[in-house]
Amino acid sequence: MLYYNTVLVDTQAYVPSVYYLQGKELWEEDVERVETSYAFKRPLEIGAAAILEPFLGVRQAYSVLNILLYIGTTVLTYLFFKKLFQHHESRMLLAYIGAVLYTTSLPLILYATRVLVDVAGYFTLLLGLLFIEHIFEREKITWKEHLSVALLLGFFLLVRDTVVILYPYYLLRFLWKEGCHYSALLQKMLSLWPFVFTL
(Lines give C-alpha, C1' and ligand atoms only; values in the text may rest on other atoms or scores of the structure.)
Protein backbone atom coordinates (compact mmCIF):
# COMPACT_ATOMS: atom_id res chain seq x y z
CA MET A 1 0.00 0.00 0.00
CA LEU A 2 2.84 2.40 0.88
CA TYR A 3 4.55 1.66 -2.46
CA TYR A 4 1.28 2.27 -4.33
CA ASN A 5 0.75 5.62 -2.59
CA THR A 6 4.34 6.68 -3.33
CA VAL A 7 3.96 5.81 -7.02
CA LEU A 8 0.62 7.60 -7.17
CA VAL A 9 2.00 10.82 -5.63
CA ASP A 10 5.11 10.75 -7.83
CA THR A 11 3.07 10.07 -10.96
CA GLN A 12 0.80 12.99 -10.16
CA ALA A 13 3.85 15.26 -10.39
CA TYR A 14 5.88 13.64 -13.18
CA VAL A 15 3.12 13.27 -15.78
CA PRO A 16 1.96 16.92 -15.71
CA SER A 17 5.61 18.05 -15.62
CA VAL A 18 6.08 16.58 -19.10
CA TYR A 19 3.09 18.49 -20.44
CA TYR A 20 4.25 21.63 -18.63
CA LEU A 21 7.67 21.43 -20.34
CA GLN A 22 5.94 20.99 -23.69
CA GLY A 23 4.00 24.21 -23.10
CA LYS A 24 0.60 22.51 -23.10
CA GLU A 25 -2.25 24.03 -21.15
CA LEU A 26 -2.87 22.46 -17.77
CA TRP A 27 -5.50 22.90 -15.15
CA GLU A 28 -4.61 25.34 -12.42
CA GLU A 29 -4.11 22.64 -9.77
CA ASP A 30 -1.82 20.72 -12.15
CA VAL A 31 0.32 23.83 -12.74
CA GLU A 32 0.54 24.36 -8.98
CA ARG A 33 1.45 20.67 -8.45
CA VAL A 34 4.21 20.91 -11.06
CA GLU A 35 5.68 24.18 -9.80
CA THR A 36 5.71 23.08 -6.15
CA SER A 37 6.81 19.51 -6.82
CA TYR A 38 10.30 18.27 -6.11
CA ALA A 39 10.01 16.35 -9.39
CA PHE A 40 10.26 19.51 -11.47
CA LYS A 41 13.52 20.42 -9.75
CA ARG A 42 15.14 17.45 -11.53
CA PRO A 43 14.29 18.26 -15.14
CA LEU A 44 16.63 16.09 -17.23
CA GLU A 45 14.64 12.86 -17.34
CA ILE A 46 11.39 14.82 -17.48
CA GLY A 47 12.80 16.74 -20.46
CA ALA A 48 13.78 13.49 -22.19
CA ALA A 49 10.28 12.11 -21.54
CA ALA A 50 8.81 15.32 -23.00
CA ILE A 51 10.80 14.73 -26.21
CA LEU A 52 9.64 11.09 -26.49
CA GLU A 53 6.03 11.72 -25.43
CA PRO A 54 4.64 12.64 -28.89
CA PHE A 55 5.90 9.31 -30.25
CA LEU A 56 5.20 6.95 -27.34
CA GLY A 57 2.86 8.61 -24.87
CA VAL A 58 3.93 9.94 -21.49
CA ARG A 59 3.88 6.73 -19.45
CA GLN A 60 5.57 4.69 -22.16
CA ALA A 61 8.21 7.43 -22.60
CA TYR A 62 9.13 7.12 -18.92
CA SER A 63 9.11 3.32 -19.18
CA VAL A 64 11.41 3.27 -22.22
CA LEU A 65 13.82 5.73 -20.57
CA ASN A 66 13.81 3.76 -17.32
CA ILE A 67 14.39 0.43 -19.07
CA LEU A 68 17.36 1.88 -20.99
CA LEU A 69 18.73 3.37 -17.75
CA TYR A 70 18.10 0.05 -16.01
CA ILE A 71 20.18 -1.79 -18.61
CA GLY A 72 22.91 0.85 -18.38
CA THR A 73 22.90 0.69 -14.59
CA THR A 74 23.25 -3.09 -14.70
CA VAL A 75 26.38 -2.70 -16.84
CA LEU A 76 27.71 0.01 -14.50
CA THR A 77 27.03 -2.24 -11.50
CA TYR A 78 29.09 -4.96 -13.13
CA LEU A 79 31.94 -2.52 -13.88
CA PHE A 80 31.86 -1.05 -10.38
CA PHE A 81 32.02 -4.44 -8.66
CA LYS A 82 34.79 -5.49 -11.02
CA LYS A 83 36.78 -2.40 -9.99
CA LEU A 84 35.86 -2.83 -6.31
CA PHE A 85 37.20 -6.40 -6.26
CA GLN A 86 40.07 -5.78 -8.69
CA HIS A 87 42.61 -7.61 -6.50
CA HIS A 88 40.37 -10.60 -5.83
CA GLU A 89 40.96 -13.70 -7.96
CA SER A 90 37.20 -14.15 -8.55
CA ARG A 91 36.46 -10.51 -9.40
CA MET A 92 34.63 -11.37 -12.63
CA LEU A 93 32.34 -13.79 -10.82
CA LEU A 94 31.70 -11.33 -7.97
CA ALA A 95 30.94 -8.56 -10.48
CA TYR A 96 28.55 -10.84 -12.34
CA ILE A 97 26.76 -11.86 -9.14
CA GLY A 98 26.47 -8.20 -8.10
CA ALA A 99 24.97 -7.26 -11.49
CA VAL A 100 22.53 -10.21 -11.36
CA LEU A 101 21.42 -9.28 -7.83
CA TYR A 102 20.88 -5.69 -8.95
CA THR A 103 18.97 -6.76 -12.05
CA THR A 104 16.65 -9.15 -10.20
CA SER A 105 15.81 -6.76 -7.36
CA LEU A 106 12.01 -6.47 -7.28
CA PRO A 107 11.83 -2.81 -6.16
CA LEU A 108 14.17 -1.83 -8.99
CA ILE A 109 12.12 -3.74 -11.52
CA LEU A 110 9.04 -1.89 -10.29
CA TYR A 111 10.85 1.48 -10.43
CA ALA A 112 12.07 0.76 -13.94
CA THR A 113 8.56 0.18 -15.28
CA ARG A 114 6.80 3.14 -13.66
CA VAL A 115 6.69 6.90 -14.03
CA LEU A 116 9.59 7.46 -11.64
CA VAL A 117 13.17 8.72 -11.85
CA ASP A 118 14.75 6.43 -9.24
CA VAL A 119 16.60 4.33 -11.82
CA ALA A 120 18.22 7.51 -13.16
CA GLY A 121 19.42 8.17 -9.61
CA TYR A 122 21.13 4.78 -9.43
CA PHE A 123 22.64 5.33 -12.88
CA THR A 124 24.14 8.71 -11.95
CA LEU A 125 25.34 7.39 -8.58
CA LEU A 126 27.26 4.51 -10.17
CA LEU A 127 28.57 6.66 -13.00
CA GLY A 128 29.79 9.19 -10.42
CA LEU A 129 31.48 6.46 -8.35
CA LEU A 130 33.26 5.09 -11.42
CA PHE A 131 34.36 8.58 -12.46
CA ILE A 132 35.70 9.33 -8.98
CA GLU A 133 37.60 6.03 -8.96
CA HIS A 134 39.06 6.96 -12.35
CA ILE A 135 40.21 10.32 -10.94
CA PHE A 136 41.94 8.64 -7.98
CA GLU A 137 43.93 6.40 -10.31
CA ARG A 138 45.98 9.48 -11.27
CA GLU A 139 49.16 10.27 -9.43
CA LYS A 140 48.35 13.90 -8.74
CA ILE A 141 44.93 15.45 -8.38
CA THR A 142 44.78 19.15 -9.27
CA TRP A 143 42.04 21.77 -9.38
CA LYS A 144 41.15 20.59 -12.91
CA GLU A 145 40.13 17.17 -11.61
CA HIS A 146 38.19 18.83 -8.78
CA LEU A 147 36.41 21.02 -11.32
CA SER A 148 35.50 18.06 -13.53
CA VAL A 149 34.08 16.13 -10.55
CA ALA A 150 32.22 19.21 -9.28
CA LEU A 151 30.66 19.90 -12.69
CA LEU A 152 29.70 16.27 -13.19
CA LEU A 153 28.07 16.00 -9.77
CA GLY A 154 26.34 19.35 -10.28
CA PHE A 155 24.97 18.11 -13.60
CA PHE A 156 23.82 14.87 -11.95
CA LEU A 157 21.85 16.89 -9.41
CA LEU A 158 19.57 17.85 -12.31
CA VAL A 159 18.72 14.15 -12.63
CA ARG A 160 18.32 13.00 -9.02
CA ASP A 161 19.58 14.20 -5.66
CA THR A 162 21.04 10.77 -4.83
CA VAL A 163 24.49 11.98 -5.92
CA VAL A 164 24.65 14.29 -2.91
CA ILE A 165 26.31 11.42 -1.03
CA LEU A 166 29.19 11.52 -3.53
CA TYR A 167 30.28 14.97 -2.34
CA PRO A 168 31.48 13.84 1.11
CA TYR A 169 32.77 10.58 -0.39
CA TYR A 170 35.00 12.45 -2.84
CA LEU A 171 36.10 15.10 -0.36
CA LEU A 172 37.01 12.62 2.39
CA ARG A 173 38.72 10.30 -0.06
CA PHE A 174 40.77 13.20 -1.36
CA LEU A 175 41.70 14.52 2.08
CA TRP A 176 42.85 11.10 3.26
CA LYS A 177 44.72 10.22 0.07
CA GLU A 178 48.40 9.56 0.88
CA GLY A 179 47.72 10.01 4.57
CA CYS A 180 46.32 12.94 6.47
CA HIS A 181 49.22 15.25 7.33
CA TYR A 182 48.04 18.41 9.05
CA SER A 183 50.55 20.59 7.21
CA ALA A 184 49.19 19.51 3.83
CA LEU A 185 45.55 19.44 4.96
CA LEU A 186 44.99 23.19 4.54
CA GLN A 187 46.59 23.15 1.11
CA LYS A 188 44.39 20.20 0.09
CA MET A 189 41.25 21.93 1.37
CA LEU A 190 42.08 25.11 -0.55
CA SER A 191 42.49 23.12 -3.76
CA LEU A 192 38.83 22.10 -3.49
CA TRP A 193 37.60 25.58 -4.46
CA PRO A 194 35.81 24.37 -7.66
CA PHE A 195 33.17 22.68 -5.49
CA VAL A 196 31.89 26.12 -4.49
CA PHE A 197 30.20 26.34 -7.90
CA THR A 198 27.91 23.38 -7.29
CA LEU A 199 26.87 24.01 -3.70
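Keep in mind it's a predicted model, so treat the numbers as computed, not measured.

Draft legend 1. Representation of the confidence of the model for the protein chain within the structure. The pLDDT averaged across the protein chain works out to 81; a share of 83% of its residues lies at or above 70. Contacts of residues 1-6 to residues separated by more than four positions or lying in other chains number three contacts, the stretch itself having pLDDT below 50.

Draft legend 2. Local environment of a negative patch on the surface. Residues Glu28, Glu29, Glu32 and Glu35 make up a contiguous surface patch of negative charge. Residue placement: Glu28 occurs in helix α2 (residues 28-36). For Glu28, a relative accessible area of 69% corresponds to the exposed category.

Draft legend 3. Focus on the packing of helix α7 (residues 118-136) against helix α8 (residues 143-156). Contact pair α7 / α8: the axes reach a minimum separation of 11 Å and the direction vectors enclose 180°. Put simply, α7 runs roughly antiparallel to α8. Together, Thr124, Leu127, Gly128, Phe131, Ile132 and Ile135 of α7 and Glu145, Ser148, Val149, Leu152 and Phe156 of α8 make up the contact between the two elements. The residue inventory of the contact of α7 with α8, partitioned by class, reads seven nonpolar, three polar and one charged.

Draft legend 4. Quick peek at the environment of Leu101. Along the polypeptide, Leu101 turns up in helix α5 (residues 91-103). Placed 27 residues apart in sequence, Leu101 and Thr74 show a C-alpha to C-alpha distance of 9.4 Å.

Draft legend 5. View of the pattern of salt bridges. In this structure the tally under the stated criterion is four salt bridges. Here Glu53 and Lys24 are joined by a salt bridge, their closest N and O atoms 3.5 Å apart. Residue Glu53 is located in helix α3 (residues 43-56), and its partner Lys24 is located in the loop between α1 (2-21) and α2; the two are separated by 29 residues in the primary sequence. We classify Lys24 as partly exposed; its relative accessible area is 42%. One salt bridge connects Glu133 with Arg173, and the closest N-O pair in it is separated by 2.6 Å. Pair noted here: Glu133 is in helix α7 and Arg173 is in helix α9 (residues 166-175), with a separation of 40 residues, a long-range link. You can call Arg173 partly exposed: its relative accessible area is 31%.

Draft legend 6. Examining the nonpolar core more closely. Val149, Leu153, Leu166, Tyr170 and Phe195 are the most contacted members of the largest nonpolar core, which totals 22 residues. Contributing elements (two or more residues each) for this core: α4 (58-84), α7, α8 and α9. Take this core: its biggest share by element is seven residues, from α7. The next biggest cluster of nonpolar side chains, apart from the first, holds 13 residues, and it includes Tyr14, Val18, Ala50 and Tyr62.

Draft legend 7. Just α3, in detail. Taking 1.5 Å of rise per residue, the 14 residues of α3 would be expected to cover 20 Å, and the 19 Å separating its terminal C-alpha atoms lies within 8% of that figure. Along α3, the largest kink reaches about 30° and is centred on Ala50; proline Pro54 follows within four residues of it. Looking only at α3, the buried set comprises Glu45, Ile46, Ala49, Ala50 and Glu53. Remark: Gly57 follows α3 within two positions and exhibits a positive phi of approximately 95°.

What counts, and at which threshold
Residue numbers restart at each chain and count upward from 1, following the sequence in its written direction. Local features are withheld for residues below a pLDDT of 70 in this predicted model, meaning they are given only at 70 or higher, and side-chain atom pairs are given and counted only at 80 or more; totals for whole chains, interfaces and linings count all residues. Excluded from the side-chain calculation are hydrogens and water; included are all heavy atoms of the structure. pLDDT expresses, on a scale from 0 to 100, how confident the predictor is about each individual residue. What makes two residues a contact is simply this: any of their non-hydrogen atoms within 4.5 Å. Patch membership is restricted to residues that have no salt bridge and whose relative accessible area is over 30%. Joining uses 9 Å for like charges and 5 Å for the nonpolar side chains Val, Leu, Ile, Met, Phe, Trp and Tyr. With residues, only the protein chains shown are counted as cover, and all accessible areas are computed by Shrake-Rupley using a 1.4 Å probe. Salt bridges are identified by distance alone: a Lys or Arg side-chain nitrogen within 4 Å of an Asp or Glu carboxyl oxygen. Asp and Glu count as negative and Lys and Arg as positive, but His and the ends of the chain are not part of the count. Working definition for charges: the position is that of NZ of Lys, CZ of Arg, CG of Asp or CD of Glu. By definition, any uninterrupted DSSP run of H or I lasting at least four residues is a helix, any uninterrupted run of E lasting at least two residues is a strand, and each is numbered from the N terminus. For every residue, the accessible area obtained with a 1.4 Å probe (protein chains only) is divided by the maximum for its type, and the residue is called buried under 20%, exposed over 50%, and partly exposed between those limits. Each axis is a line fitted through C-alpha atoms, taken for helices only over the stretch in contact, and angles between the N-to-C directions span 0 to 180 degrees. Here the angle decides the label: under 35 degrees means roughly parallel, over 145 means roughly antiparallel, 65 to 115 means roughly perpendicular, and every other value means oblique. Three classes are used: nonpolar for Ala, Val, Leu, Ile, Met, Phe, Trp, Tyr, Cys and Pro, charged for Asp, Glu, Lys and Arg, and polar for all others, with Gly counted as polar. Residues grouped as a nonpolar core are buried Ala, Val, Leu, Ile, Met, Phe, Trp, Tyr and Cys residues, joined through side-chain atoms within 4.5 Å. Multiplying 1.5 Å by the helix residue count minus one yields the expected span of that helix. One axis fitted to the seven residues ending at a residue, another fitted to the seven starting there: the angle between these axes is the bend at that residue.

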